[in-house]
Amino acid sequence: LVDRPGSGQSEIRIASIGLRRGDPDEPAARVTNAILGGLFNSRLNMNLREDKGWTYGARSALTLRCAPGPLTLRAAVDTPVTADAVREMLAEAGRMRQSLPDEEEMRTASGALTRSLPLRFETSRQIAGTLVEQVVYDLPDDYWSTFPDRIEAVSRREVQETAVRLLDPGLFVVLVVGDAEVVLPDLENLGLVTLREAP
């Protein structure tokens, strides 16, 4: 917990180590992330924004690098509900591990990932950037041409298995920037808290 006295909101980041670019589980991880928090109608956003009204947006991001990058859940919430929001975000990650996503979630996630692909090739600059990615990450020549098929081939079971791998609560680090006087007592009910002053 990084103390920011008087803050009207708390910034929450929950993170663990994800995958490297080109990992065999990358397609399943992309679909898993889309369902959890990668889209507007993802589980995190529907819970914290649409159902609870605690935030303007909650999301997750899968950062793929040459070495495994972070998987991050994030939200900015009203100060009084900080601990509750952390609890709900961890609970959504837990539900991804415990049950299969439904067919509608799978269709929405895979559709969003594949239908947005042409946007990467609209300009010469984007095409060049996409080719640079292939070189930097040592991706096969057919990486993009086979991308839709690999995404659409991901099964519900693969999503759950990937969630078990990536969303291990024992590996999460939780960072909160907010008013410690208000949020610290409730956060301590969730686990050991290290308090630091804002720089």
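Residues numbered from 1 in each chain as written. Predicted model: local features only at pLDDT ≥ 70, side-chain atom pairs only at ≥ 80, totals over all residues. Heavy atoms only, no water.

Secondary structure assignment for the protein chain yields eight helices and six strands. Moving toward the C terminus, one meets the helices and strands of the protein chain in the order β-β-α-α-β-β-α-α-α-α-α-β-α-β. Scaling as 2.2 N^0.38, a compact globule of 199 residues should have a C-alpha radius of gyration of about 16 Å, and the protein chain matches this with 18 Å. For the protein chain, the C-alpha atoms occupy an extent of roughly 55 × 35 × 30 Å along the three principal directions. For the protein chain, the proportion of its 199 residues judged to be buried stands at 42%. In the protein chain, 76% of the contacts between residues at least 6 apart in sequence involve partners at least 24 apart. Accessible surface, the protein chain as shown: approximately 10800 Å² in total, 52% of it carbon and sulfur. For the protein chain, the separation between the mean place of its 23 positive charges and that of its 30 negative charges on side chains is 2 Å. (Helix = DSSP H or I, 4+ residues; strand = E, 2+ residues; numbered from the N terminus. Rg over C-alpha atoms; globule rule 2.2 N^0.38 Å. Buried < 20%, exposed > 50% of the residue type's maximum accessible area, 1.4 Å probe, protein only. Contact = heavy atoms within 4.5 Å. Areas by Shrake-Rupley, 256 points an atom, 1.4 Å probe, with all protein chains shown as cover. Lys, Arg positive; Asp, Glu negative; His and termini not counted. Charge placed at Lys NZ, Arg CZ, Asp CG, Glu CD.)

What follows covers the packing of helix H2 (residues 43-51) against helix H3 (residues 82-98). Remark: H2 packs on H3, axes separated minimally by 10 Å, with the N-to-C direction vectors making an angle of 150°. Compared by their axis directions, H2 and H3 come out roughly antiparallel. Here the hand of the crossing between H2 and H3 comes out right-handed. Two secondary-structure elements touch here, H2 through Arg43, Leu44, Asn47 and Leu48 and H3 through Ala85, Glu88, Met89, Glu92, Arg95 and Met96. Partitioning the contact of H2 with H3 into residue classes produces five nonpolar, one polar and four charged. (Axes fitted to C-alpha atoms, helices over the stretch in contact; angles between N-to-C directions. Parallel < 35°, antiparallel > 145°, perpendicular 65-115°, else oblique. Left-handed = near helix turned anticlockwise from the far one by under 90°. Nonpolar A, V, L, I, M, F, W, Y, C, P; charged D, E, K, R; others polar.)

Attention now moves to the sheet that holds strand E2 (residues 9-17). Strands belonging to one sheet form pairs held by backbone hydrogen bonds; the direction of such a pair is parallel or antiparallel. A sheet is described by the order of its strands in space; here six strands give the open sequence E3-E4-E2-E5-E1-E6, paired in mixed fashion. Whereas interior strands pair on both sides, the edge strands pair on one side only; in this sheet they are strand E3 (58-62) and strand E6 (196-197). Packed on one face of the sheet, H2 meets E3 and strand E4 (70-78) and runs near 160° to E3. (Pairing = 2+ DSSP bridges.)

Let's shift gears to the packing of helix H1 (residues 26-38) against helix H4 (residues 103-115). At their nearest, the axes of H1 and H4 sit 9 Å apart, and the two run at 115° to each other. As summarised for this structure, H1 and H4 are arranged roughly perpendicular, according to the angle between their axes. Both H1 and H4 take part in a crossing whose hand is right-handed. Residues Arg30, Val31, Ala34 and Ile35 of H1 lie in contact with H4, whose contacting residues are Glu105, Met106, Ala109 and Leu113. Here the residues of the contact of H1 with H4 sort into six nonpolar, no polar and two charged.

Read these as layout, nothing more, since geometry by itself doesn't imply function.
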